[in-house]
Amino acid sequence: DSATVFPGTVHFEGTQVSEGRGTTRPFELIGAPYIDPDDYASALNELSLPGVSYRACVFQPTFQKHAGISCGGAQIHVLDREIFEPVLAGVAMVKLAFDLYRDEFRWKEPPYEYVYDQNPFDVIAGTNRTREAFEQGATLSEISTSWQAPLDAFKKVREQYLMY
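Here's a quick rundown of the structure. (Residues numbered from 1 in each chain as written. Predicted model: local features only at pLDDT ≥ 70, side-chain atom pairs only at ≥ 80, totals over all residues. Heavy atoms only, no water.)

### Brief notes about the packing of helix α1 (residues 2-9) against helix α3 (residues 86-100)
Quick reminder of the rule: Only C-alpha atoms enter the line fits that serve as axes; for helices the fit covers just the stretch in contact. Angles between N-to-C directions range over 0 to 180 degrees. In this text, helices come from DSSP runs of H or I with a minimum length of four residues, and strands from runs of E with a minimum of two, each type numbered from the N-terminal end. Just so you know how the angles are binned, under 35 degrees is roughly parallel, over 145 roughly antiparallel, 65 to 115 roughly perpendicular, and the rest oblique. Two helices that cross are described as forming a left-handed crossing if the nearer one is turned anticlockwise from the farther one by less than a right angle, and a right-handed crossing if clockwise. Note on contacts: a residue pair is in contact if any heavy atoms of the two residues lie within 4.5 Å.
Axis separation between α1 and α3 bottoms out at 6 Å; the angle between their running directions is 60°. In terms of axis orientation, α1 runs oblique to α3. Classified by chirality, the crossing of α3 by α1 is right-handed. Residue-level contacts link T4, V5, P7, G8 and T9 of α1 to P86, V87, G90, V91 and M93 of α3.

As structure tokens, this is what we get:
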């Protein structure tokens, strides 16, 4: 399950929100001490994203971000892997944490891994556009629509390499 959601919830590594490291459900449990789990999970479920549901939860990481501190948040549950869009689901989770808890939410400061001169979220996302879209108030729909042209171009290049 963690591997299924990882392509989306890995984005939390670029924030001060826990991605569930130090729990038995890394990348499935997302939260921070300031997040109201009921409000957060409810807002996520209202998005009606394909193949996924969110459950309000409180967890306490044993290491890394917020170690030993109770974090409110949500557990991501994949209901249908065929229609689940992990990046969309994970980006929606980050966007809602940013929107709902703007006073407390923080981007992680560099360095991240081997990169010392870029915002860690931007490194993970592969661009600064997603973070800047959050900061400029773009909707989730506007953000995901902005991905379409590059995805179409990638799919066209990829075709020649598909064997099956």
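Additional details are given in the paragraphs that follow.
### Section: the layout of surface pockets
Test applied: Within this scheme a cavity is a closed region of a 1 Å grid, computed over the protein atoms alone, that accommodates a 1.4 Å probe without allowing it to escape, whereas a pocket is open but has protein on both sides within 12 Å along at least five of seven lines; lining residues each have an atom within 4 Å of a point. Grid points are joined across faces, edges and corners, and a volume is the space filled by probe spheres set on the points.
Volume-wise, the largest pocket comes out at about 470 Å³. In terms of lining, the largest pocket is formed by 20 residues, of which the most central are V87, A125, T127, T130 and W147. Elements with a minimum of two residues in the lining of the largest pocket: α3, α4 (120-125), α5 (129-135), α6 (140-146) and α7 (148-159). By residue number, the principal contributor to the lining of the largest pocket is α3, which donates 4 residues.

### Thoughts on the side chain of H11
Here is the rule: Summary of the burial criterion: residues with accessible area below 20% of their type's maximum are buried, those above 50% are exposed, and those between are partly exposed, where the area comes from a 1.4 Å probe applied to protein chains only.
Mapped onto the elements of the fold, H11 is located in the loop between α1 and β1 (29-32). Given a relative accessible area of 7%, H11 falls into the buried group. Ignoring anything within four residues of it in the chain, the contact list for H11 reads V87, V91, V94, F121, I124 and A125.

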